[in-house]
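# Reading the structure
Read off the chains here:
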Amino acid sequence: MIYITGDCHGNFKRFSKDVFPEQKEMTKEDYVIICGDFGGIWDKGEESRTEKWWLDWLASKTFTTLFVDGNHENFDRLYSYPMEAWHGGNAHKIRDSVVHLMRGQVFDIDGKKIFTFGGASSHDIDGGILEPDDPQYKKRKKELDKGWLPYRINHHSWWAQELPSMEEMEEGLRNLATNGKSVDYIVSHCCASSTQVLLGGSTFKPDVLTDYFEELRQKVRFKKWFFGHYHDNVDVSAEEILLYEQIIRIS
Ligand SMILES: [Fe+2]
């Protein structure tokens, strides 16, 4: 079985037995995929007590938890976990059964080919990105707090790696070509530029990643494309499905 859901932001209560009773029938060979903004690796430094508790709680579940990265992840820490080959692609092992599916990979999961590519532009940065070692940092922060403008702090609540490198995008194209440009599912955090327009008109600006996805949308054959990021549950088209709190079965 494969189930899939949207952004968690470190809150995993939707996977409790009351909310998700299907887990009673699941084993570690069954999977729940999170479409980014996993949020279980967020605090500065090392795994905090709360984080460790929740990661161990996920690992203790009957099923295996998989996630692509979103924009709200602590990338400094996420990328420090051991990288391993897992089901045909590269992954970070957070726990034995809590696994980060890296960008540009094609995994073979439960007999399905799944292309994964996390990341997205943050939308909540109208006030900008503050640098903690900027001499003006305290002054700027005070001004922004006063003006109620959302801002983020580099390496504390925002990371440049929220958008992909050229190497990651090229690796994705190579792995798709190896698979005949055909997969069962695509799992990402944001979506193609034209899909963003269908979702929110001009609200969401295109970027290097949504443009990359636009190219994939034209060139790659896929049955369904699941994504998160926009905090809603919407069938945007017959193939593209935006998920938030809903957990749906796809295999
Ligand atoms: Fe989010």
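Going by the structure above, here's the rest.
Residues numbered from 1 in each chain as written. Predicted model: local features only at pLDDT ≥ 70, side-chain atom pairs only at ≥ 80, totals over all residues. Heavy atoms only, no water.

### Digging into the packing of aromatic side chains
The condition is simple: Under the pairing criterion, centres of Phe, Tyr and Trp rings, with the six-membered ring standing for Trp, must be within 6.5 Å; the plane angle then separates stacked pairs below 30 degrees from edge-to-face pairs above 60, leaving the rest tilted. Each residue gets one of three labels from its accessible area relative to the maximum for its type: buried under 20%, exposed over 50%, partly exposed in between, using a 1.4 Å probe on protein chains only.
Throughout the structure, instances matching the rule amount to 23 aromatic pairs. Where F115 meets F117, the ring centres are 6.2 Å apart and the plane angle is 35°; that geometry is what we call tilted. F117 matches F115 in its accessibility class, with the two residues each being buried. A ring pair is formed by F213 and W225, whose centres lie 5.3 Å apart and whose planes are at 85°; its orientation type is edge-to-face.

### Here we look at the coordination of the iron ion
Put simply, the rule reads: Donor selection uses N, O and S atoms within 2.8 Å of the metal (3.2 Å for Na, K and Ca). Since no water is included, sites may look incomplete. Per the convention used, a helix needs a DSSP run of H or I reaching at least four residues, while a strand needs a run of E reaching at least two, with both numbered from the N terminus.
For the iron ion, the protein coordination sphere consists of D7 (OD), H9 (NE2), D37 (OD) and H231 (NE2), at 2.1 to 2.3 Å. When the donors of the iron ion are listed by position in the chain, the intervening gaps give D-x1-H-x27-D-x193-H. Highlighted residues: H9 in the loop between β1 (2–5) and β2 (31–35) and D37 in the loop between β2 and α1 (49–59), separated in sequence by 28 residues. Its relative accessible area of 33% is what places H9 among the partly exposed residues.

### A closer look at the state of the cysteines
Put simply, the rule is: Throughout, disulfides are identified as pairs of cysteine sulfur atoms within 2.5 Å of each other.
If you walk through the whole model with that rule in mind, you get zero disulfides. Between C8, a cysteine without a disulfide, and C35, which holds the nearest cysteine sulfur, the sulfur-to-sulfur distance is 9.5 Å. Take C8: its relative accessible area is 4%, and that puts it in the buried class. Left unpaired, C190 is separated from the closest cysteine sulfur, that of C191, by 6.5 Å.

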